Amino acid sequence: MNKKVEASIMDALTTVIDPELRVDIVNLGLINAVDINSIGDVTINMTLTTMGCPLISVLEEMIDEALKILPEVKTTKVELTWEPAWEIDRMSRYAKMALGL
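Residues numbered from 1 in each chain as written. Predicted model: local features only at pLDDT ≥ 70, side-chain atom pairs only at ≥ 80, totals over all residues. Heavy atoms only, no water.

Some details on the packing of helix H1 (residues 3-13) against helix H2 (residues 56-67)
Thinking step 1. In the contact formed by H1 and H2, the axes pass within 9 Å of each other and the chain directions differ by 130°. One way to sum up the angle between H1 and H2 is to call them oblique. Of the two possible hands of crossing, H1 and H2 adopt the one that is right-handed. Judged by residue contacts, Ile9, Ala12 and Leu13 of H1 engage Ile63, Ala66 and Leu67 from H2. (Axes fitted to C-alpha atoms, helices over the stretch in contact; angles between N-to-C directions. Helix = DSSP H or I, 4+ residues; strand = E, 2+ residues; numbered from the N terminus. Parallel < 35°, antiparallel > 145°, perpendicular 65-115°, else oblique. Left-handed = near helix turned anticlockwise from the far one by under 90°. Contact = heavy atoms within 4.5 Å.)

Following this line, the structure appears as structure tokens:
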């Protein structure tokens, strides 16, 4: 994937704020991988802080809204995975400070 497009996607994902934790999904360490094909279909592989999180549909909608402003992005799809499991060490220093950890 083009590094510039990948950087634009990751920047856009920093605008997606987890409604419960009030920190963006990138700094929380929820994004495992981003893939975009030649026609602009983006797949976001991510995990959540807990299994059964009721916010997945809200987050999917927020991700779609954040990415559709990018001219390279035509569609978005979120793939949830539990491997690797999310843990506090995946959070950025910023997220840890914002959450008082």
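Having put the structure on the table, let's press on.
What to know about the pairing of strand S2 (residues 41-46)
Thinking step 1. As paired elements, strand S1 (residues 31-36) and S2 share five bridges and run antiparallel to each other. Paired with isoleucine 31 across the two strands is methionine 46, which belongs to S2.
Thinking step 2. The antiparallel pairing of S1 with S2 creates a hairpin that spans four residues between the two strands, and glycine 40 there sits at a positive phi of about 95°.
Thinking step 3. Assessed by its sense of winding, the connection that carries the chain from S2 through H2 to strand S3 (residues 75-80) is right-handed. (Pairing = 2+ DSSP bridges. Right-handed = clockwise from strand over helix to strand, strands pointing away.)

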